[in-house]
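Below are the chains, spelled out letter by letter.
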Amino acid sequence: MSALRDALGDLPASVFADVLESDDAYLLVVDLPGVTADTIDVSVDGGTIVIEAQRGKDVGSDFRYVEEDRSLFLDAELPLPPDATGAGAEGTIDRGVFELRLPKAGVGTETTIPVEDA
């Protein structure tokens, strides 16, 4: 998980993110003001979490930009923790707060190994 934590430090300064861990999953929480479910795409590709988000900027016609520091796009590739899986991952966004729950691999699964007499 330290690779994921370290990668969050490489996000733009305007993006705030946290990683939480439980016994069976990781929770990635990213503040993305102005982003909605329609303007975010998230996938797990191999060992990488790919987040592509676009925020809207609705500025009235009475105003013009004097300074513009808020990025319109976020394209981030973050390492998937080695014990996590994209299978069964769930994402939600509420008022610009994106939460991605990544289950840990093998949690809650039981595999029976057949044993035979030699």
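Residues numbered from 1 in each chain as written. Predicted model: local features only at pLDDT ≥ 70, side-chain atom pairs only at ≥ 80, totals over all residues. Heavy atoms only, no water.

J.: What am I meant to see in the overall build of the chain here?
T.: Along the backbone of the chain there are one helix and seven strands. Along its sequence from the N terminus, the chain presents helices and strands in the succession α-β-β-β-β-β-β-β. Counting over 118 residues, the chain shows a buried share of 25%. Long-range pairs, those at least 24 residues apart, make up 47% of the contacts in the chain with a sequence separation of at least 6. (Helix = DSSP H or I, 4+ residues; strand = E, 2+ residues; numbered from the N terminus. Buried < 20%, exposed > 50% of the residue type's maximum accessible area, 1.4 Å probe, protein only. Contact = heavy atoms within 4.5 Å.)

J.: Explanation requested: the side chain of Lys-104 in the structure shown.
T.: Mapping Lys-104 onto the fold places it in the segment after β7 (97-103). A polar atom in the side chain of Lys-104 sits 2.6 Å from the side chain of Glu-21. Within the structure, Lys-104 has its side chain in polar contact with the backbone oxygen of Ser-22 (distance 2.9 Å). Every residue in contact with Lys-104, bar those within four places of it in the chain, is listed here: Glu-21, Ser-22, Asp-23, Asp-24, Ala-25, Tyr-26, Asp-83, Ala-84 and Thr-85. (Polar contact = N/O pair within 3.5 Å; in protein donor to acceptor, adjacent residues only side chain to side chain.)

J.: Would you explain unusual backbone geometry in this entry?
T.: A negative phi angle is the norm for most residues apart from glycine, just as the trans form is the norm for most peptide bonds. For Arg-95, which is not glycine, the phi torsion reads 50° and is therefore positive. Residue position: Arg-95 is located in the loop between β6 (90-94) and β7. For Arg-95, a relative accessible area of 80% translates into the label exposed.

J.: I keep staring at the pattern of salt bridges and nothing clicks. Help me out?
T.: Close approach of charged atoms allows side chains of opposite charge to pair. Tallied over the full model, the rule gives two salt bridges. Salt-bridge contacts for Asp-24 lead to Arg-101; the nearest nitrogen and oxygen are separated by 3.5 Å. In this pair, Asp-24 is assigned in the loop between β1 (17-21) and β2 (25-31) and Arg-101 in strand β7, connecting sequence segments 77 residues apart. Judged by its relative accessible area of 31%, Arg-101 is partly exposed. (Salt bridge = Lys/Arg side-chain N within 4 Å of Asp/Glu carboxyl O.)

J.: I tried to follow the sheet that holds β6 on my own but got confused; where do I start?
T.: Pairing between the strands of a sheet is mediated by backbone hydrogen bonds and can be parallel or antiparallel. A sheet is described by the order of its strands in space; here four strands give the open sequence β1-β2-β7-β6, paired in antiparallel fashion. Strands with a single pairing partner mark the edges of an open sheet, and in this sheet they are β1 and β6. On average, each strand axis in the sheet is inclined to that of its neighbour by 15°, with strand direction left out of account. (Pairing = 2+ DSSP bridges. Axes fitted to C-alpha atoms, helices over the stretch in contact; angles between N-to-C directions.)

J.: Which parts of the structure should I look at to understand the sheet that holds strand β5 (residues 73-79)?
T.: As summarised here, the arrangement of the three strands in space is β3-β4-β5, forming an open sheet in which the pairing is antiparallel. Two strands in the sheet have a free side with no partner beyond their single neighbour: β3 (40-45) and β5. Averaged over all neighbouring strand pairs, the angle between strand axes comes to 10°, with direction disregarded. As paired strands, strand β4 (residues 48-54) and β5 are joined by seven bridges and run antiparallel to one another. Looking across to β5, one finds that Ile-51 is bridged to Ala-76.

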